[in-house]
Protein chains: 2
Amino acid sequence: MIKPRTPPGVMELLPRDQIAFQRMLDTIRRNFERFGFLPVETPVMELTEVLLTKSGGETERQVYFAESTGSREKNLQSGEATLPELALRFDLTVPLARYVAEHEHDLAFPFRRYQMQRVYRGERQQRGRFREFYQCDIDVVGKDALSVRYDAELPACIYAVFAELDIGAFTIQLNNRKLLRGFFESQGVAEGELQALVLREIDKLDKRGADYVRDTLTGPGFGLAADAVATILQFVEVRSTSHQDALAKLDALGDGNQSLREGVAELREVIELIRALGVPEQNYALNFSIARGLDYYTGTVYETTLNDYPSLGSICSGGRYEDLASHYTKSKLPGVGISIGLTRLFWQLQEAKLISTAESSVQVLVTQMSDALLPQCLAVANELRHGGLNTEVVMEASKLKQQFRYADRAGIRFVVVLGEDEIAKGVATVKDLRREDQFEVPRSELARTLRVELEQSRVMQ
Amino acid sequence: MIKPRTPPGVMELLPRDQIAFQRMLDTIRRNFERFGFLPVETPVMELTEVLLTKSGGETERQVYFAESTGSREKNLQSGEATLPELALRFDLTVPLARYVAEHEHDLAFPFRRYQMQRVYRGERQQRGRFREFYQCDIDVVGKDALSVRYDAELPACIYAVFAELDIGAFTIQLNNRKLLRGFFESQGVAEGELQALVLREIDKLDKRGADYVRDTLTGPGFGLAADAVATILQFVEVRSTSHQDALAKLDALGDGNQSLREGVAELREVIELIRALGVPEQNYALNFSIARGLDYYTGTVYETTLNDYPSLGSICSGGRYEDLASHYTKSKLPGVGISIGLTRLFWQLQEAKLISTAESSVQVLVTQMSDALLPQCLAVANELRHGGLNTEVVMEASKLKQQFRYADRAGIRFVVVLGEDEIAKGVATVKDLRREDQFEVPRSELARTLRVELEQSRVMQ
């Protein structure tokens, strides 16, 4: 006998939780499609050579390789440490780059795609860290050039997603790498390694506090002037509180150098278009401390936080990049993308008790009082299913009370009772377990009635 | 520069095909949920020890193992051929067994689950064979016992799936292993290895023809009596042509031995309930040649074929099994399940030109005539999205003709034109590319009008 268990670091859900998870996936996908993004799925396994364009490094340590017994034995016998041919994707960005480069001549640009699949990382074992997790990504990829206007569309789509996910107040925070670069240059911190190191220190502000960061930056390692550090610390604390305030804060940066001016102009256009796309002003803000991936992003950068749960950190991040697929094609493919790490987010929301698992995907239970009535029960179930209701039938008669208890525990809202009386009268008795209500309805009206009830509670929510 | 490409044996689709594939997945899932099945997802990686309960054999040769660099190097250095700790699932049945056994005390039985995920097999390279493919499974698992009535629910659900997938006439073919066993015993072919070998020969009927099979079975290897073989060949050619005919063919089998009688009684109940569930009689039939996995199934067995494309073989198969998870738990867990191999089916339908990729998931393209009008265009897009329409906006003005051509090529049905005239009048001009029709509509009516148009064409299909 083998103990049934999953490997460490994966999230497996019981059906009730899976239903809640699936609803989130559906909501995300619906909104991605509303904004005109096209679906893409790529294989979990990529050729190692293609996935790891540069070998070595942290990424390679975390990658899972896939190998069939045959090829593994061959490698073991040869004793050479050549990497297996296949590896599991560790994000959706490298597969996107490969996909766009491979299918370049079959795609229309700007290419707008969404992808919602699982990725794999050999993370250190730790609570809330997953080795298999969903990423839900949208990207717009241009050929040669891509208007900064798309940088506004992504946060508008993300707003629609989180508004509908209904997980509380949230803010999409915006910054711009050009603005950052220009500002730091004006403070004597030139682009390159130094700027990267300073940004890394800045990133510790929340955890270590301003004093620690100030001491480090003025200390022997960095040796920045005290007034430059003071200006930097003031700068990275800038947050806007409204649309007008955001514009004012951009104005207040003055003319500065070219990089700063470009960044300011881009951010201004982006927030104007975000507003034009109907995003309420409390849902977006400037945050000059956001830098994101230092080598990768070149313009707009995003982070999204839950106002009441800042400790969760950014639940959705991304930005603008200059060249998606330089390893695979000579074409210049600039893009902008944003990603929701849904597995981790779901886990965090569960921990914060923000996930409701009250309602099953099953909407109706058709009970059964005697074997002789089974064909009638099945016919009613058939009518309900045709009427668009997710319906389960009790297949073997048991005590009615037991059937009700099952429906209640399973989160099934409507219980339909069909006894001989009901069948003779051409009606069904319905118990609404949510509203604790009971009513009789003609069979011909049954599906429509329940659908209307469900529709109404959806609207009332 | 690295050549961007996928590994051999995987199916990766361009967006238009992916949309068609996604529609099929959605249809399957919707119908699975209509019948009250609950969603389950399991990790792609399982512990090798759990996945391969018995080591060696064909399965192990086909399994992909997953390993991070660290653990791989350790294994390579030790020089021992121990299997890696993790392996990728090769079907959804073993993960179901593990899941049910692991979560036994948190599940309600009969447990009805659906699972639609990819599985991995190191298949020999061959056209139409995939190393990564979707399985879409439904199973009902009982504790200690499970009524044969569920054996009727699965084909009813599969009927609903294929009817809505709209891929032509199909027949769900039914047989019963008890009936088979009883019949073969009555012909002197006892249960066990001989029966398995005979069934394997029978399976070659379609390919090799009756003469070949007759010669083999009466030949030196088997040595069956000529009249027994004649009876067997007659028996396995039985197909029913209607519900009444199916009942008559079961009656015609007579009393026989106990196993035959049980099989007949089960099949009779199953087809009566399939009818009660509203499945038209042309969509199910008896087929006494179906045996399926010889070690695994114990009662009802299913195969589904497309009437006009018999060469595709069974597109959906399954059956009743006695004990799902004997490797993991002492509890007896009988069940019944059925599976659609969607990747292969999609590929086959594509080859047979039965997949329509005419319509995009994007329903509306909002064109743009000048930069100054962009905010208005974004506002209209926002209204359309709120109205439930998947809407793409052209972000940078270009020739209108070019924007129309893009919509046409992309399969987007409605093109919305908003010039200064339209904005002044508070209207939008809509071109319906499918009906080649153009009309003007007040902006306040735009979303509703397009939604009604889409709804109507859906109903008319």
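None of these values were measured; they are calculated from a predicted model.

Peer 1: Lay out the domain arrangement of chain A with the relevant residues and their values.
Peer 2: The domains assigned to chain A are domain 1 (15-41 + 90-351), domain 2 (45-88) and domain 3 (364-460). When each unit is reduced to the centre of its C-alpha atoms, the spacing between domain 1 of chain A and domain 3 of chain A is 48 Å.

Peer 1: Can you explain the relation of the copies chain B and chain A? Please cite residues and give values.
Peer 2: Placing chain B over chain A gives an RMSD of 0.1 Å and needs a rotation angle of 180°, together with 0.0 Å of translation along the axis. Within this description, the copies of the chain are treated as partners about a two-fold rotation axis. Residues of chain B ranked by C-alpha distance from the rotation axis are headed by Ala66(B), positioned 2.3 Å from it. When you check the interface residues of chain B against chain A, 100% turn up at the interface there too, and the contact is symmetric in its surfaces.

Peer 1: Outline the sheet that holds strand β11 (residues 335-341) of chain A, supporting the account with residue identities and numerical values.
Peer 2: Residues and elements named next belong to chain A. Sheet architecture is open: eight strands sit in the order β1-β5-β6-β11-β10-β9-β7-β8, paired in mixed fashion. With partners counted over all chains shown, the strands left at the sheet margins are β1 (38-39) and β8 (284-286), one partner each. The strands touched by helix α7 (residues 177-186) are β7 (170-176) and β9 (297-306); relative to β7, the strand with the most contacts, the crossing angle is about 55°.

Peer 1: Help me get a handle on the interface of chain B and chain A, residues and values and all.
Peer 2: Contacts between the two partners involve 80 residues from chain B and, on the opposite side, 80 residues from chain A. Counting residues per element, the side of chain B that touches chain A draws most heavily on helix α1 (residues 15-34) of chain B, at six residues. The class makeup of the residues in the side of chain B that touches chain A is 39 nonpolar, 18 polar and 23 charged.

Peer 1: Explain the sheet that holds strand β8 (residues 284-286) of chain B to me, and be specific about the residues and the numbers.
Peer 2: All names here are of chain B. The strand order β1-β5-β6-β11-β10-β9-β7-β8 describes an open sheet built from eight strands, whose pairing is mixed. Two strands close off the open sheet at either side, each with one partner strand: β1 (38-39) and β8. In this fold α1 packs onto β5 (111-120), β6 (132-141) and β11 (335-341), with an angle of close to 160° to the strand it touches most, β5.

Peer 1: Go over the packing of helix α10 (residues 210-218) of chain B against helix α11 (residues 226-236) of chain B with me, naming the residues and quoting the values.
Peer 2: Residue and element names in this part refer to chain B. Two numbers describe how α10 lies on α11: the axes approach to 10 Å, and their chain directions differ by 140°. As far as their axial angle goes, α11 and α10 are oblique. For the pair α10 and α11, the sense of crossing is right-handed. Seen from α10, the contacting residues are Ala 210, Val 213, Arg 214, Leu 217 and Thr 218; seen from α11, they are Ala 226, Val 229 and Leu 233. For the contact of α10 with α11, the per-class residue count stands at six nonpolar, one polar and one charged.

Calculation rules
- Residues numbered from 1 in each chain as written.
- Chains lettered and ligands numbered in written order.
- Predicted model: local features only at pLDDT ≥ 70, side-chain atom pairs only at ≥ 80, totals over all residues.
- Domains from an automatic or database assignment.
- Least-squares fit on C-alpha atoms with pLDDT ≥ 70 in both.
- Contact = placed C-beta atoms within 7 Å.
- Pairing = 2+ DSSP bridges.
- Helix = DSSP H or I, 4+ residues; strand = E, 2+ residues; numbered from the N terminus.
- Axes fitted to C-alpha atoms, helices over the stretch in contact; angles between N-to-C directions.
- Nonpolar A, V, L, I, M, F, W, Y, C, P; charged D, E, K, R; others polar.
- Parallel < 35°, antiparallel > 145°, perpendicular 65-115°, else oblique.
- Left-handed = near helix turned anticlockwise from the far one by under 90°.

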